[in-house]
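Breakdown of the fold
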Amino acid sequence: MPTLWIIVNIIIFSVLLFGLFYMQKKHISFSKRVFTALGVGVILGFILQFIYGASSDILLSSIDWLSIVGTGYIKLLKMIVMPLVFISILTAFTKLKLVNNMAKISLLVIGILVGTTAIAASIGIATTLGFNLEAIQIEQGDSELARGEQMEQTYGEIQDQTYPQKILELLPDNPFSDLTGARPTSTIAVVIFAALIGIAYLTVRRKTPEHAELFAKWVASLHAVIMQVVKMILRLTPYGILAIMAKTVATTDLASISKLGEFVIASYVALIIMFFVHLLLLMLAGLSPITYLKKSMPVLSFAFTSRSSAGTLPFNIDTQTKKLGVPEGIANFAGSFGLSIGQNGCAGIYPAMLATMIAPTVGINPLSPTFILTLIIVVTVSSFGVAGVGGGATFAALLVLSTMDLPVGLAGLLISVEPLIDMGRTALNVSGSMTAGVLTSRVTKELDHEAYQGVQSVETLHA
């Protein structure tokens, strides 16, 4: 009988997938298909949990089959991320239009990412104090204790590293290994490696133009092929979102969320405030925040459901270039740097809130101006090299808590609601990198205002 119900669940899921395929054949817009998948996935997840329970064998077995679509889609995205980062940075250097502004663009993108992370840290601190959140208020169960022990073990692996050693971790020593994503800092290592090759290309172009021309053609060809693979994968987005959202909702511990509801609400208040800061920055730059909101919503929705900034990178770059009018080179820089530098949610708000919550447990006054200023600086500096995949927020929290001499084990207190909070953090991370791309283009006067304000008649990736 259990097998029969698993088969029924699979059939229902297959029918919903066919419904999305039918919408595609009817030429319903990509955005509408994405939001339909999001809504249907939420409903399906609630129904499955209501019928079977979050930990039932039938549900878990059914989710295994759903994961072929959901997790399989995420794996395909992660597969293409490192090649995309590498070739995107190289392409930026081979674009003649960007050569003279390369240093300025890099500094602007990094400056905006880091600056907004400092703002995010401040918002995280203020929200925690406003809600009067303290770590001592949270009851520690078996899962929280186990998570705390795991974080202490991870901390033991990095506690002896000095800041100069941590900076060295950002540099590539084996680029082929980093192309596999072997280290938490692999993404920024690949960016640095590609940038070095790009700088070498500029030198070669000045000395022997014929060699540089051949190299540029090779890069353009490889970029075209990689982007075609990206388009093929992104066409699967509605199906992936349906499966991911159904799994997330069906397996969420609703009891824990209700118990820690205040912490979840406080986290989302901070995330939403920071998102409005992004919109405010765009408005101050003379750009319509409403237009940005409408055009970025599909990619932010995907980031929300997938919980992977790296997995969202192809969608991120595509949206910047085709909907927001950002030049390809700047979009590549902003998207790629945004995976490892200045993630507003994971490396800004989250560690700042944790540190503020934990400080009273060791006798530190979180209202102390010295503590607040030090925490903002530490969070900002520690935001370099945070991985854009699952676990990046944990890595950032470990760096901040250890630097502030706070007990890292207490960072496991929110493990039961971590997935729910991480969804919002990831969406904010992606918004931060897209905002950096748009603002940099605006400052360098390379933003295509017609594309930014215009309405596309044929949507990106419409198939």
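Parameters at a glance
Residues numbered from 1 in each chain as written. Predicted model: local features only at pLDDT ≥ 70, side-chain atom pairs only at ≥ 80, totals over all residues. Heavy atoms only, no water. UniProt positions renumbered as here; feature names shortened; annotations may be inferred. Helix = DSSP H or I, 4+ residues; strand = E, 2+ residues; numbered from the N terminus. Buried < 20%, exposed > 50% of the residue type's maximum accessible area, 1.4 Å probe, protein only. Contact = heavy atoms within 4.5 Å. Areas by Shrake-Rupley, 256 points an atom, 1.4 Å probe, with all protein chains shown as cover. Phe/Tyr/Trp six-rings, centres within 6.5 Å; stacked < 30°, edge-to-face > 60°. Lys NZ or Arg CZ within 6 Å of the ring centre and 35° of its normal. Axes fitted to C-alpha atoms, helices over the stretch in contact; angles between N-to-C directions. Parallel < 35°, antiparallel > 145°, perpendicular 65-115°, else oblique. Left-handed = near helix turned anticlockwise from the far one by under 90°. Nonpolar A, V, L, I, M, F, W, Y, C, P; charged D, E, K, R; others polar. Expected span 1.5 Å × (residues − 1). 1 Å grid on protein atoms, 1.4 Å probe; cavity = no way out; pocket = protein on both sides within 12 Å on 5 of 7 lines; lining within 4 Å. Points joined across faces, edges and corners; volume = space filled by probe spheres on them. Core = buried A, V, L, I, M, F, W, Y, C linked by side-chain atoms within 4.5 Å. Salt bridge = Lys/Arg side-chain N within 4 Å of Asp/Glu carboxyl O.

The chain is annotated in an unreviewed UniProt entry as L-cystine uptake protein TcyP from Hazenella coriacea. In UniProt, the chain has this text filed under Sequence similarities (unreviewed entry): "Belongs to the dicarboxylate/amino acid:cation symporter (DAACS) (TC 2.A.23) family."

On to the overall build of the chain, then. Across its full length, the chain carries 20 helices and zero strands. Evaluated residue by residue, the chain yields a buried proportion of 55% over its 463 residues. Across the chain, every contact between residues at least 6 apart in sequence was considered, and the portion connecting residues at least 24 apart equals 84%. Approximately 19,700 Å² of the chain is accessible, and the part contributed by carbon and sulfur atoms is 67%.

This part covers the packing of aromatic side chains. Aromatic ring pairs are described here by two measures, namely the spacing of the ring centres and the angle between the planes. For the structure on display, the rule yields eight aromatic pairs. When the ring of Phe86 is compared with that of Phe193, the centres are 5.8 Å apart and the planes differ by 20°; the resulting orientation is stacked. With a gap of 107 residues between them, Phe86 in helix α3 (residues 57-94) and Phe193 in helix α8 (residues 186-207) connect regions that are remote in the sequence. Site record: aromatic cluster; members linked through ring pairs are Tyr73, Phe302 and Phe315. Positioned over the ring face of Tyr350 is Arg425, at 4.1 Å from the centre of the ring.

At a minimum axis distance of 9 Å, the contact between helix α4 (residues 102-130) and helix α19 (residues 418-443) shows a crossing angle of 135°. With respect to α19, the axis of α4 lies oblique. The interaxial crossing formed by α4 with α19 has right-handed handedness. Contacts between α4 and α19 pair Ile105, Leu108, Val109, Ile112 and Leu113 from the former with Gly432, Ser433, Ala436, Leu439, Thr440 and Val443 from the latter. Tallied by class, the residues present in the contact of α4 with α19 amount to eight nonpolar, three polar and no charged.

This part takes up α4. With 29 residues, α4 extends 42 Å from end C-alpha to end C-alpha; this agrees with the ideal 42 Å at 1.5 Å per step. Just downstream of α4, Asn132 is the residue with a positive phi angle, here 55°.

It is worth spelling out the side chain of Gln320 at this point. Along the chain, the position of Gln320 falls in helix α14 (residues 313-322). Overall, the relative accessible area of 0% leaves Gln320 in the buried class. Ignoring sequence-local partners within four residues, the contact set of Gln320 consists of Gly325, Val326, Ala331, Ala334, Gly335, Ser433, Met434, Gly437 and Val438.

Attention now moves to the side chain of Ser267. Looking at the secondary structure, you find Ser267 in helix α12 (residues 261-284). Owing to a relative accessible area of 8%, Ser267 belongs among the buried residues under this scheme. In this structure Ser267 touches Met353 and Ile421, once residues within four positions along its chain are discounted.

Mapping Ile192 onto the fold places it in helix α8. Residue classification places Ile192 among the partly exposed positions, given a relative accessible area of 24%. In this structure, the C-alpha to C-alpha distance between Ile192 and Pro172, residues 20 residues apart in sequence, is 7.4 Å. Apart from residues no more than four positions distant in its own chain, Ile192 is found in contact with Leu170, Leu171 and Pro172.

With that settled, the discussion passes to empty space enclosed by the protein. In the structure shown here, the tally under the stated rule is two cavities of 30 Å³ or more. In this structure, the second largest cavity encloses a volume near 40 Å³. Along its surface, the second largest cavity is lined by Ser309, Leu313, Asn316, Gly335, Gly338, Leu339, Asn429, Val430 and Ser433. Elements with a contribution of two residues or more to the lining of the second largest cavity: α14 and α19. With three residues, α19 is the largest single contributor of residues to the lining of the second largest cavity. Here the residues of the lining of the second largest cavity are counted per class, giving three nonpolar, six polar and no charged.

This next bit is on the nonpolar core. Core analysis: the biggest nonpolar cluster contains 110 residues, and Tyr292, Phe333, Ile349 and Val438 have the highest contact counts within it. A total of 18 residues in this core trace back to one element, the largest contributor, which is α3. Setting aside residues up to four positions removed in sequence, Phe333 forms contacts with Ile89, Ala92, Phe93, Met102, Ile105, Ser106, Val109 and Gly338. If you look at the next biggest cluster of nonpolar residues, it comprises 18 residues, including Ala121, Ala135, Leu375 and Val379.

Below, the discussion takes up the pattern of salt bridges. Opposite charge on two side chains lets them pair, provided their charged atoms get close. Counting across every chain of the model gives three salt bridges. The salt bridge partner of Asp318 is Lys322, with a shortest N-O separation of 3.4 Å. Of this pair, Asp318 and Lys322 both sit in helix α14, four residues apart, which is roughly one turn of the helix. On the basis of relative accessible area, Lys322 is assigned to the partly exposed category, the value being 34%. A salt bridge links Arg425 to Asp422; the shortest N-O distance between them is 2.7 Å. Pair noted here: Arg425 and Asp422 are both in helix α19, with a separation of three residues, about one helical turn. We note that Arg425, like Asp422, is buried.

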